[in-house]
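# Coordinate analysis (summary)
Take a look at the letters that make up each chain.
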Amino acid sequence: MRTWFVTGGTPGGFGLVYAEAALKQGDQVVVTARRPSELQAWAEPHGDRVLVLQLDVTDAEQVRAAVRTAEERFGGIDVLVNNAGRGWFGSIEGAPDETIRRTFDLNLFAVVEVIRAVLPGMRARGGGLIVNMSSVAGLVGAQGFGYYSAAKFALEGLSETLRHEVEPFGVRVLVVEPGAFRTKAFAGFRNEPVNETVDAYVPMVEGVKAAFVEHDGKQEGDPERGVQAVISAMNAPVPPQRIVLGNSGYDVVVAMHENALAELRANEKLSRGADF
């Protein structure tokens, strides 16, 4: 029986889908959320196999306390799912400073804190799996969500290096890159104001917001099938280092890599000519 530690357990998101999938396998789960009372009715039928903890992942002390509580309760964490995160719209030039910092605090620095809190136990036990929920936007820039993309690009780079550093200790790292999935992620955008500080970008940002609001509830991705794909990747004889989820996301990422490779080869002479 494995113990999972899943951040971002807000109802209607990937977090609870991961938790339910783990429980169906016979595992036990720690689920964290800012408002744990929202999970009380969900958790009760699972008894002692579920521990719900209040956690703001941007608070380093809360992160360390939650990990200690989880380890004391279940003896260790085998699978960490860094799922907490979200984006705020705005242009690169005109997004408010507060939005920029909040985006990186939640989508990058909070992930770092959770990883650093969990890794000592994984290293001591000689094994573990870290699943970092990135995004297709972490591979392909998303107009109007540039700072979210930047934070997810940074998470991709962090995960690449982390993978090499922890491999000698028996710890694996899997990066998950979903496209648009039918969670509640888009629901909050409807009533969120456009706080763009540069007027020239307001029409673009308003258009991005409108597109997200229009697409809410129509996303092609099925969270349950997405999580099952991740679990299949986790348990594969040769586990992948990353997995893109969803048809549209897959097509966008493949096109990006093919275009990048074609451009790289077209400029090979310039690249190779830069050496002494």
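Look a little higher up for the structure.
This section reports on the structure supplied with the text. These figures come from a predicted structure and were not determined experimentally.

The subject of this paragraph is the overall build of the protein. Helix and strand content of the protein: nine helices and seven strands. Reported as C-alpha extents along the three principal axes, the dimensions of the protein are approximately 55 × 50 × 35 Å. The burial tally for the protein puts 46% of its 276 residues in the buried class. If you take every contact in the protein between residues at least 6 apart in sequence, the share linking residues at least 24 apart comes to 69%. Working note: accessible area of the protein is about 14,200 Å², and carbon and sulfur atoms make up 52% of it. With 27 positive and 35 negative side-chain charges, the protein shows a separation of 4 Å between the mean positions of the two kinds.

A word on the packing of aromatic side chains. In total, this model carries seven aromatic pairs according to the counting rule given. Relative to Phe189, the ring of Phe89 has its centre 5.6 Å away and its plane inclined at 55°; by these criteria the two rings are tilted. Residue Phe89 is found in the loop between β4 (79–82) and α4 (97–125), and its partner Phe189 is found in the loop between β6 (171–178) and α6 (202–215); the two are separated by 100 residues along the sequence. Exposure class is identical for Phe89 and Phe189. Each is buried. The buried category is assigned to Phe189, whose relative accessible area is 5%. Lying over the aromatic face of Phe169, Arg123 brings its terminal NZ or CZ to 5.7 Å of the ring centre.

With that settled, consider the side chain of Ser134. With respect to the helices, strands and loops of the structure, Ser134 is situated in the loop between β5 (128–133) and α5 (146–166). Within polar-contact distance, the side chain of Ser134 engages the side chain of Glu156 at 2.8 Å. When neighbours within four sequence positions are excluded, Ser134 is seen to be in contact with Lys152, Leu155, Glu156, Val175, Val176, Glu177 and Pro178.

A separate point is helix α7 (residues 223–234). A rise of 1.5 Å per residue sets the reference length of α7, with its 12 residues, at 16 Å; its end C-alpha atoms lie 16 Å apart and thus fit the reference within 8%. For α7, the full list of buried residues reads Pro223, Gly226, Val227, Val230, Ile231, Ala233 and Met234. Along the axis of α7, the buried positions cluster into a sector of 160°, meaning they face one direction only. Along α7, exposed side chains directed more than 90 degrees from the buried face belong to Glu224, Arg225 and Ser232.

It is worth spelling out the sheet that holds β4 at this point. Strand pairing in a sheet relies on backbone hydrogen bonds. The paired strands run either parallel or antiparallel. Judged by pairing direction, the sheet is parallel, and its seven strands sit side by side in the order β3-β2-β1-β4-β5-β6-β7 without closing on themselves. Only two strands of the sheet have a single partner each, and these edge strands are β3 (50–54) and β7 (242–245). Going across the sheet, the axis of each strand differs from the next one's by a mean of 15°, ignoring polarity. Summarising the sheet, strand β2 (residues 28–33) and β3 pair through five bridges and their orientation is parallel. If you follow Val31 over to β3, its bridge partner there is Val52. Along the sheet, helix α1 (residues 14–24) makes contact with β1 (3–6), β2, β3, β4, β5 and β6, crossing β2 at roughly 170°. The strands that α5 touches are β5, β6 and β7; relative to β6, the one it contacts most, it runs at about 160°.

Reading the values: the criteria
- Residues numbered from 1 in each chain as written.
- Predicted model: local features only at pLDDT ≥ 70, side-chain atom pairs only at ≥ 80, totals over all residues.
- Heavy atoms only, no water.
- Helix = DSSP H or I, 4+ residues; strand = E, 2+ residues; numbered from the N terminus.
- Buried < 20%, exposed > 50% of the residue type's maximum accessible area, 1.4 Å probe, protein only.
- Contact = heavy atoms within 4.5 Å.
- Areas by Shrake-Rupley, 256 points an atom, 1.4 Å probe, with all protein chains shown as cover.
- Lys, Arg positive; Asp, Glu negative; His and termini not counted.
- Charge placed at Lys NZ, Arg CZ, Asp CG, Glu CD.
- Phe/Tyr/Trp six-rings, centres within 6.5 Å; stacked < 30°, edge-to-face > 60°.
- Lys NZ or Arg CZ within 6 Å of the ring centre and 35° of its normal.
- Polar contact = N/O pair within 3.5 Å; in protein donor to acceptor, adjacent residues only side chain to side chain.
- Expected span 1.5 Å × (residues − 1).
- Arc of directions from axis to C-beta.
- Pairing = 2+ DSSP bridges.
- Axes fitted to C-alpha atoms, helices over the stretch in contact; angles between N-to-C directions.

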